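Now for the letters of each chain:
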Amino acid sequence: MADQTHVLFVEDDDVIREATQLALERDGFAVTAMPDGLSGLEAFRADRPDIALLDVMVPGLDGVSLCRRIRDESTVPVIMLSARADSIDVVLGLEAGADDYVTKPFDGAVLVARIRAVLRRFGHAGGGTQGEQPTDEVSGGVLSFGDLEIDTEGMEVRRAGQPVALTPTEMRLLLEFSSAPGTVLSRDKLLERVWDYGWGGDTRVVDVHVQRLRQKIGQDRIETVRGFGYKLKA
């Protein structure tokens, strides 16, 4: 397991859990599969996986609550799995701290592609083996926007002199905004640059992450430009 990307997979359906585990292992991932949220939390704390796949509707501790517990302890990437694509499941999962979501039933190749996309953002290789992946270059130094300071080399953010804890996805989102302050970035462009989507994605992912980022750096720091997207106030 030391040379492989370790996936924690929490799913209560035996058939889906076993089939997905086999598919991921064939693609080179090491998988710990658990049938409920409580055992999933125990496995997370014991194994410290590289990424977590959490079904929304699992017994004991539901996937959204499990995501919150994980996010309280770690910035490990989380992908939520939902049998429904309605706003409630999607938004609740993202607001809990998930980085992305996949709707069931899903194609195994699509799931693997989404896992690899998330892992690339978090500095893992695109396959099942860990490694460093080149990241988009950001000009070095400290950028200042009012009371907000962004250290693009140290990957640290401060607001009014106090450190701001961001997840890697939130940090990448902020770096995109700070690289072009005052410029409107569309949701599709942010999906492409931050979430590494080479295809159309659900823009609710962007909207919820922008809202989470606003709560940390200031509600008025990122402006909504209706019909176009978002921009960082210079």
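The notes below deal with the structure included here. (Residues numbered from 1 in each chain as written. Predicted model: local features only at pLDDT ≥ 70, side-chain atom pairs only at ≥ 80, totals over all residues. Heavy atoms only, no water.)

### Overview of the sheet that holds strand β1 (residues 6-10)
Within a beta sheet, neighbouring strands are joined by backbone hydrogen bonds and run either parallel or antiparallel to one another. Overall, parallel pairing links the five strands, which are arranged β2-β1-β3-β4-β5 in an open sheet. With partners counted over all chains shown, the strands left at the sheet margins are β2 (30-34) and β5 (100-103), one partner each. Pairs of neighbouring strands in the sheet enclose a mean axial angle of 20 degrees, with direction left out of account. Note: β1 against β2, five bridges, orientation parallel. What sits directly across from Val7, in β2, is Val31. (Pairing = 2+ DSSP bridges. Helix = DSSP H or I, 4+ residues; strand = E, 2+ residues; numbered from the N terminus. Axes fitted to C-alpha atoms, helices over the stretch in contact; angles between N-to-C directions.)

### Topic: empty space enclosed by the protein
Applying the stated criterion to the full structure yields one cavity of 30 Å³ or more. Taken as a whole, the largest cavity spans an internal volume of roughly 40 Å³. If you trace the largest cavity, you find it lined by Val56, Met80, Ser82, Asp89, Val90, Gly93, Leu94 and Tyr101. Elements with a contribution of two residues or more to the lining of the largest cavity: β4 (78-82) and α4 (87-95). Here the lining of the largest cavity takes four residues from α4, the largest share from any one element. Tallied by class, residues from the lining of the largest cavity come to five nonpolar, two polar and one charged. (1 Å grid on protein atoms, 1.4 Å probe; cavity = no way out; pocket = protein on both sides within 12 Å on 5 of 7 lines; lining within 4 Å. Points joined across faces, edges and corners; volume = space filled by probe spheres on them. Nonpolar A, V, L, I, M, F, W, Y, C, P; charged D, E, K, R; others polar.)

### With respect to the layout of surface pockets
A volume near 200 Å³ is recorded for the second largest pocket. In this structure, the second largest pocket is lined by 14 residues; those nearest its centre are Arg71, Gly97, Thr167, Glu170 and Lys216. Looking at the lining of the second largest pocket, the elements with two or more residues in it are α3 (63-73) and α8 (204-217). Its residues assigned to classes, the lining of the second largest pocket comprises three nonpolar, four polar and seven charged.

### Notes on the nonpolar core
Leu54, Met80 and Phe177 are the most contacted members of the largest nonpolar core, which has 48 residues in total. Sort the elements by how many residues they give to this core and α8 lands first, with six residues. Ignoring any residue separated from it by four or fewer positions in sequence, one finds Phe177 in contact with Leu185, Leu190, Val210, Leu213, Ile222, Tyr230, Lys231 and Leu232. By size, the runner-up hydrophobic cluster in this structure holds 16 residues, among which are Val7, Phe29, Ile79 and Val118. (Core = buried A, V, L, I, M, F, W, Y, C linked by side-chain atoms within 4.5 Å. Buried < 20%, exposed > 50% of the residue type's maximum accessible area, 1.4 Å probe, protein only. Contact = heavy atoms within 4.5 Å.)

### As for unusual backbone geometry
Along the chain, Lys104 connects to Pro105 via a cis peptide bond; the corresponding omega equals -5 degrees. For Pro105, the location among the structural elements is in the loop between β5 and α5 (108-121). A positive phi angle, close to 55 degrees, is found at Met155, a residue other than glycine. For Met155, the position within the fold is in the loop between β7 (148-151) and β8 (156-159). With relative accessibility at 41%, the residue Met155 sits in the partly exposed group. Positioned with a positive phi, Ala160 is a non-glycine residue whose angle comes to about 55 degrees. In this fold, Ala160 is placed in the loop between β8 and β9 (162-164). By relative accessible area, which is 55% here, Ala160 ends up exposed.

Spatial relationships are all this shows, so hold off on functional conclusions.
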